[in-house]
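Working through the structure, step by step
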Amino acid sequence: MATETPPPAKPQAPLPSTEEFAEVQQSAEFGELRRSHRSFAFPLTIGFIAWYLLYVLLSNYAGGFMGTKVAGNINVALVLGLAQFLTTFLIAWWYARHAATRLDPQAEAIKSRMEGGE
């Protein structure tokens with residue numbers, strides 16, 4: 001039985017200093033990355049929480065409306081409850097797409113510069 005030796009370890013670049021991290025944090029580029037994230041995540045979070053609370057309030061205080069039959073034994077409450085799952089997955093997909101197209105390239109550029117790649 002032959003054993004293979006592992007490849008030689010790659011030399012690691014030194015980690016950035018605390019001052020370098022603070023400098024990057026104060027940069028306009030990092031500020032733009034933070035704004036891109038917040039301008040997407042905060043409104044969606046607030047919107048989804050409002051949508052969820054509307055569902056809970058309707059369930060508690062509008063029983064007649066929520067019990068309205070839509071088709072067969074399917075009522076408004078079931079449709080809105082399933083819509084909660086659908087919106088959760090849609091928001092997750094939308095955020096993943098946003099992160100891949102806007103946030104990840106900006107973050108990678110900052111990381112590359114900090115590691116001395118540029």
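Here the structure is shown first, and the text comes after it.
Residues numbered from 1 in each chain as written. Predicted model: local features only at pLDDT ≥ 70, side-chain atom pairs only at ≥ 80, totals over all residues. Heavy atoms only, no water.

A tally of regular secondary structure across the protein gives 4 helices and 2 strands. Ordered by position from N to C terminus, the α and β elements of the protein give α-α-α-β-β-α. For 118 residues, the compact-globule formula gives about 13 Å, and the C-alpha radius of gyration of the protein, at 24 Å, lies well above that figure. With the C-alpha coordinates of the protein rotated into their principal frame, the extents come out at 70 × 55 × 20 Å. For the protein, the proportion of its 118 residues judged to be buried stands at 18%. Taking contacts inside the protein between residues at least 6 apart in sequence as the whole, the part at least 24 apart equals 62%. As displayed, the protein has an accessible area near 9,300 Å², and 66% of this comes from carbon and sulfur atoms. Between the averaged position of the 9 positive side-chain charges in the protein and that of its 10 negative side-chain charges there is a distance of 14 Å. (Helix = DSSP H or I, 4+ residues; strand = E, 2+ residues; numbered from the N terminus. Rg over C-alpha atoms; globule rule 2.2 N^0.38 Å. Buried < 20%, exposed > 50% of the residue type's maximum accessible area, 1.4 Å probe, protein only. Contact = heavy atoms within 4.5 Å. Areas by Shrake-Rupley, 256 points an atom, 1.4 Å probe, with all protein chains shown as cover. Lys, Arg positive; Asp, Glu negative; His and termini not counted. Charge placed at Lys NZ, Arg CZ, Asp CG, Glu CD.)

Our next topic: the packing of aromatic side chains. Within this structure, the stated rule accounts for 2 aromatic pairs. For the ring pair Phe40 and Trp94, a centre distance of 5.1 Å and an interplane angle of 80° mean the geometry is edge-to-face. Of this pair, Phe40 sits in helix 2 (residues 28-61) while Trp94 is found in helix 4 (residues 76-114), placing the two residues 54 residues apart along the sequence. Classification of Trp94 as partly exposed rests on a relative accessible area of 39%. Between Phe40 and Tyr95, the aromatic rings sit 5.9 Å apart at their centres with planes inclined by 45°, giving tilted as the arrangement. Separated by 55 residues along the polypeptide, Phe40 in helix 2 and Tyr95 in helix 4 bring together distant segments of the chain. (Phe/Tyr/Trp six-rings, centres within 6.5 Å; stacked < 30°, edge-to-face > 60°.)

The subject of this paragraph is helix 4. Residues three or four positions apart in an α-helix share a direction because the helix packs 3.6 residues into each turn. Along its 39 residues, helix 4 runs 53 Å from first to last C-alpha, staying within 8% of the 57 Å computed at 1.5 Å per residue. Helix geometry: helix 4 is bent most strongly at Ala99, by close to 45°. Where helix 4 is concerned, the buried positions are Val76, Ala77, Leu80, Gly81, Gln84, His98, Ala99, Leu103, Ile110, Ser112 and Met114. Directly after helix 4, the chain includes Gly116, whose backbone phi takes a positive value near 85°. (Expected span 1.5 Å × (residues − 1). Bend = angle between axes of the 7 residues up to and from the residue.)

Attention now goes to the environment of Pro16. Relative to the elements of secondary structure, Pro16 occurs in the segment before helix 1 (18-25). On a C-alpha basis, the gap between Pro16 and Glu115 in space is 7.0 Å, while along the polypeptide they are 99 residues apart. Residues in contact with Pro16, not counting those within four places in the same chain, are Phe21 and Met114.

Next up on the list: the environment of Thr3. Topologically, Thr3 is positioned in the segment before helix 1. Note: C-alpha distance between Thr3 and Gly81 (78 residues apart in sequence) is 57 Å.

Positionally, Leu78 belongs in helix 4. A relative accessible area of 41% means that Leu78 is categorised as partly exposed.

By themselves, these are just geometric observations and shouldn't be taken as functional.
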